[in-house]
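Residues per chain, in single letters:
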Amino acid sequence: MLKKQVLSLLAFLVVNSCCYAVCDTAYFAYPDTVFCNVGPTVSPDTVSSASGYFSASSPGLSVDSLGAIAPSLSSPGTYNLFYVIQDSCADSFAVSITILQQGNSAFGYNNPIYCTPTTNPLPIVLGDSGGMFFGSNGVVVDSLIGEINLPGSSPGSHSVTYVVDSLCPDTTVTSVFIYPKRDGSFSYSDTLLCTNGPSQQALILGDTGGVFSSAFGLALNPSTGAINPGNSAAGNYTVQYEIAGSCGDTGSVQVQVVPSTDPSFSYPANICISDTANPIPSVLNPGGTFSEQTGNLVFQNTSTGEINLSGTIPGAYSIQYITTGICPDSLSMVVTILDQSNPSFVYPDTSYCNGEVLAAPVMLGVGGGTFWCLDTALSIDTATGFIDLIASDTGIYTVYYATPGVCPDTSTFDIEIVPQGVSSFAYIPSEFCQSDPNPIPAISGDTNGVFSVVFGNLSINPITGEIDLSASATGDSIIIKYTVPGPVQNCPDSSLFLIKIVEPDTSISITYPKAAYCPGEGNPYPAIVGPSGGTFQANPPTLAFVSQFTGEISLAQSQPGQYQIRYFPPGACTDTSSGFWLTINQRDVLNLGYPSTQFCKGDSVIHVANLPDSLGTFTEPSGFLAFTNTSTGSIILDSSRAGNYIVRYESGGACPADTAWPIQIFDSPDPLLISTADQGTICKGDSVDFAAFGGDRYEFAINDSVARQLSFLGEYRPGPGLSDGDQISVRVVNDAGQCQSFDTIAIQVLPRPAFSYLEYDDKIESGEDIEIDVQVDQDSFFISWAYTTEGAISPASDSVVSPLLREGSIYQIESEVVLSDPNTLGKLYYTIQPFAGGCAGLVESLEILLLPGDDLFIPGVITPDGNGKNDVWEIRYADNVIPDHYQLVVFNRSGGEVYSQEGLAPIWNGGNLPDGVYWWVAKNKVTRKEIAGGVTIRRK
């Protein structure tokens, strides 16, 4: 608009120039028409007239009326700058002025200080890109991207310049400092330290000047790193070596302090060389080794420390014990093996008569000990060993003596106390008729003596003592002596006996009513022919007279046997006959009987106990009792009628006896027991039902224990938990409660089979055979197996029952499966179950993963929609693959990294990435081998 006004004004002036004076021409000029917005104020160097003024076509250009342009106050852009002269001939002039934006070279690095070696730093450009980077002397900088080559740069302080080259260039300089990284590495010669071991010195492999540290409990020198295990607590420690500074470093070493094995041991306080048991020490930590240097001490076992006393010489020994383990230790102690004191002693004789007074020992060894005898019939003084022979019983004794002290010893001496000879004897009676049978004395003492006549005229056998009455003189009393030598020659004895021999009186005789009697009869009296007032004698003397003066015999007190009874009237002798011979017979003693008085018809035959040798007769008047034999009394219960009976028995013999018993016989029930067990067997853990019939009360028992009592008919269910071989029985009782009978069913509990061997590979490759090896703990078995599949697998599921196998065999299940889709995984789920003896074992479930042919399988699709299938990117690999050797990186289609992980184990679900196709690279960091592929994320 202004331009049009100026042109109109110029046209007016030309047309009317004839009427006015000449006007000034508008013109101006600047050194340049392009300015940077950071430059100084610029004034025109040429102006045609001083009467005009300057103005811009838009307000973005800062210019005053004199034409001074301030670029720093102007906005970048292109402007028309006018110079206008307003005089009578108005004129104007325009110039195009451009204000350029100053280039921005602002940049920097994340850290002004860098340590080598480390990753080369890249700059952060805050201004314009596309500039050039320059480094000062000693620093190597990539001129295009500004990356500092740390390995190629020298340590020290450096500057990096960034230049933005444009019409308005800009330059920024920043300082960086490069220092070499310190090395804090160190080591120990051994990281397993024993508390009884030497100090461990640190070997500094890197820079010196650092400080060592560790957790509390480790005795560590912070300056040298030396460890004193003896002052350290047992445990695992991390020792750190820290070098301070901007490029400092910290190294670490794991050490373990292990306590030494305590070698403490001790033997019994006193060990005697004659101990019956070898001494064994108490050891705090068994398993080590005992030793002794002299060789005079012999170990039965160097591991337990048992000392062989029989091979060891008494003395003091230094015994060492060395423990085993990671940190063995040793301990020595002095053990003294003491010798035994000498217990030798004797008695002057080995045989003594019990009529002597004392027997005293003679000490050959150490005195002051103790005497004793295990048989209390020997009277011995324990302090002196004196034996009171009179107070002791005869016999052979072992006398013990034990010495005093720490290691006593014992010795023995055998003596015999022989009884004094016993010469007791008598003639019964003491008065004989010359016509009597020759008497023989009754010897109540020793029988090896000699008879002799001390006074009188008598013919006697010196060995037997038999008197020859016909060859002996009658009349005065005769003294007979009997001498015995005793058990030993120095213990003899002798005694005297007075007898008289008279002439017989042929007019005297006696008779009894009977020649034989039984005990229990009335006592018999004799009839005497001749003078009365005499005495009766019997031979043997075991016949009991109520009175020797009347001849009445007490049958109840006399022993059975045959007796010669003679009568001796006053001052006379019997006739020449042998007197009266009388016999007392033995009455039968009946202690026989039946085992009880009540029996059941269901019982077996009952027999009589203690039946005498002379068989009598058993009788019962009713005739309903069935005897197998009336001589033995055995009764056949099931052939007899139930009821009450009286059984009588009468013995035979010269003096018979009789007795009787009441007998009661009851009827017996007939029970029936049935069960649900098939052929008498069940499987372990199963239940079995029982039912019983035919009685009023029942007792069910498992083995010998009553499990339950029932008072009504019905069934009983014992429940699970029976063991192999358990027996179930039922007992039926009738109403009277007298008779019991049984019906028993034996139920065998069979064990359930179990797999004793099961082996298979849980990961195989497509096309390989699946092999499952199984073995069952039974002699013969069946195996039922089946599998189902997941994924694209061929063939479909199948189920097979194996043939019967023998003991010890291993059955192999084989099947070949193939992945239909090589880009997917497959799974097979097996179920196998053993059967043996009609019992099924537990089902084993197996899971086998079917991999593609490659060792490493990375899925091509993940569908993280929460349905439980392919929700995550789960990488599968063969057993020979080491997952920690791999690094996995995922890129978008533009090549930008969107995900990375170390190793193959982490599971990724796609994160927040949108659905689509991505590329991945798996790099083996050890072999440097890389593989790549694509993965699709699809949520819908």
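Above this text is the structure in question.
**Student:** I keep staring at the nonpolar core and nothing clicks. Help me out?
**Tutor:** By size, the foremost hydrophobic cluster in this structure holds 20 residues, and its most contacted members are Ile772 and Tyr830. Listing elements by their share of this core, those giving two or more residues are strand E62 (769–776), strand E63 (782–790), strand E66 (811–816), strand E68 (826–836) and strand E70 (844–851). Core analysis: the next-biggest nonpolar cluster, separate from the first, contains 18 residues, Val881, Leu888, Tyr899 and Ala922 among them.

**Student:** Just to check I follow, could you spell out the state of the cysteines for this structure?
**Tutor:** Disulfides are covalent bonds that link the sulfur atoms of two cysteine residues. Under the definition given, this model contains seven disulfides. Each sulfur of the disulfide joining Cys683 and Cys839 lies 1.9 Å from the other. Where Cys683 bonds to Cys839 through sulfur, the torsion about that S-S bond is close to -95°, and the disulfide is left-handed. With a gap of 156 residues between them, Cys683 in strand E52 (residues 681–683) and Cys839 in strand E69 (residues 839–840) connect regions that are remote in the sequence. Take Cys683: its relative accessible area is 9%, and that puts it in the buried class. Judged by relative accessible area, Cys839 falls into the buried class, the value being 0%.

**Student:** Would you mind showing me how to read the pattern of salt bridges here?
**Tutor:** Pairing is possible between side chains of opposite charge, provided their charged atoms come close. Applying the stated criterion across every chain yields a total of six salt bridges. One salt bridge in this structure joins Arg876 and Glu874, with 3.1 Å as the shortest N-O distance. A relative accessible area of 19% means that Arg876 is categorised as buried. Its salt-bridge partner being Glu902, residue Lys925 comes within 2.8 Å of it at the nearest N-O pair. On the criterion of sequence distance, the pair formed by Lys925 in the loop between strand E76 (916–924) and strand E77 (930–937) and Glu902 in strand E75 (residues 897–902) is long-range, its members being 23 residues apart.

**Student:** Sorry if this is basic, but what is going on with the packing of aromatic side chains here?
**Tutor:** Each aromatic ring pair is described using two quantities: the centre-to-centre distance and the angle formed by the ring planes. Enumeration according to the criterion identifies 43 aromatic pairs in this entry. Consider the rings of Phe345 and Phe371, whose centres lie 5.4 Å apart with planes at 85°: the pair is edge-to-face. In this pair, Phe345 sits in strand E27 (residues 345–346) while Phe371 sits in strand E31 (residues 370–373), placing the two residues 26 residues apart along the sequence. No difference in accessibility class separates Phe345 from Phe371, as the two residues are buried. Centre to centre, the rings of Tyr427 and Phe432 are 6.5 Å apart; their planes meet at 90°, and the pair counts as edge-to-face. By way of ring pairs, the aromatic residues Tyr27, Phe28, Tyr30, Phe35, Phe54, Tyr83 and Phe93 are connected into one cluster. Sitting above the plane of the Phe624 ring, Arg641 keeps its charged end 3.7 Å from the centroid.

**Student:** I would appreciate a short explanation of the sheet that holds strand E14 (residues 192–194) in the present structure.
**Tutor:** Two pairing modes exist for strands in a sheet, parallel and antiparallel, and in both the strands are linked by backbone hydrogen bonds. Reading across the sheet, the four strands line up as E14-E18-E17-E16 and stay open at both edges, with mixed pairing between neighbours. With one partner strand each, in any of the chains shown, E14 and strand E16 (211–213) form the two edges of the open sheet. Between one strand and the next, the sheet's axes are offset by a mean angle of 30°, whatever the strand orientation. Both E14 and strand E18 (residues 249–258) contribute to a ladder of three bridges, which runs parallel. Counted as the bridge partner of Cys194 is Val258 from E18.

Reading the values: rules and limits
- Residues numbered from 1 in each chain as written.
- Predicted model: local features only at pLDDT ≥ 70, side-chain atom pairs only at ≥ 80, totals over all residues.
- Heavy atoms only, no water.
- Core = buried A, V, L, I, M, F, W, Y, C linked by side-chain atoms within 4.5 Å.
- Buried < 20%, exposed > 50% of the residue type's maximum accessible area, 1.4 Å probe, protein only.
- Helix = DSSP H or I, 4+ residues; strand = E, 2+ residues; numbered from the N terminus.
- Disulfide = S-S within 2.5 Å.
- Salt bridge = Lys/Arg side-chain N within 4 Å of Asp/Glu carboxyl O.
- Phe/Tyr/Trp six-rings, centres within 6.5 Å; stacked < 30°, edge-to-face > 60°.
- Lys NZ or Arg CZ within 6 Å of the ring centre and 35° of its normal.
- Pairing = 2+ DSSP bridges.
- Axes fitted to C-alpha atoms, helices over the stretch in contact; angles between N-to-C directions.

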